[in-house]
Amino acid sequence: MPRGYVIARITVHDAEAYKAYIPAATAAMERFGGRPLVRGGRMETLEGEGRKRNVVIAFESFEQARAFYHSPDYQAAVALRAPVAEADVIVVEGLD
């Protein structure tokens, strides 16, 4: 079965307040079996608009990735992030 990936591009406006989001999001991700492949780190925009923080999380399936995002636990984390950061978040199905 192909894996599912959550891909997020984030611009953080308040780094101190954003710190509250990280453990909440991590706990939700772990409950759904997510494994971070990219979490911040060095980046370079080669085309289009880039954001400073990029995250890629692997899940066992597309459905599992969607369930993580829509879960009450992760949506509680989103409520912490939304006032202090802008984010583009997508879920995609992988090839493996």
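Preceding this paragraph is the structure being described.
Criteria and thresholds
Residues numbered from 1 in each chain as written. Predicted model: local features only at pLDDT ≥ 70, side-chain atom pairs only at ≥ 80, totals over all residues. Heavy atoms only, no water. Axes fitted to C-alpha atoms, helices over the stretch in contact; angles between N-to-C directions. Helix = DSSP H or I, 4+ residues; strand = E, 2+ residues; numbered from the N terminus. Parallel < 35°, antiparallel > 145°, perpendicular 65-115°, else oblique. Contact = heavy atoms within 4.5 Å. Nonpolar A, V, L, I, M, F, W, Y, C, P; charged D, E, K, R; others polar. Left-handed = near helix turned anticlockwise from the far one by under 90°.

Asker: Explain the packing of helix α3 (residues 62-70) against helix α4 (residues 72-81) to me, please; I cannot follow it from the model alone.
Answerer: When two helices pack together, you describe them by how their axes are tilted relative to each other and by the distance separating the axes. One can describe the packing of α3 onto α4 by two numbers: an axis separation of 5 Å at closest approach and a directional angle of 55°. The orientation of α3 relative to α4 falls into the category oblique. Contacts between α3 and α4 involve Phe68, Tyr69 and His70 from the first element and Pro72, Tyr74 and Gln75 from the second. Residues that form the contact of α3 with α4 fall into these classes: four nonpolar, two polar and no charged.

Asker: Looking at this model, I keep getting lost on the packing of helix α2 (residues 21-31) against α4. Mind explaining?
Answerer: Running from N to C, α2 and α4 cross one another at 160°; their axes reach a closest spacing of 8 Å. On the basis of their axis angle, the class for α2 and α4 is roughly antiparallel. The hand of the α2/α4 crossing is left-handed. Contacts between α2 and α4 involve Tyr21, Ala24, Ala25, Ala28 and Arg31 from the first element and Asp73, Tyr74, Ala77, Val78, Leu80 and Arg81 from the second. The class makeup of the residues in the contact of α2 with α4 is eight nonpolar, no polar and three charged.

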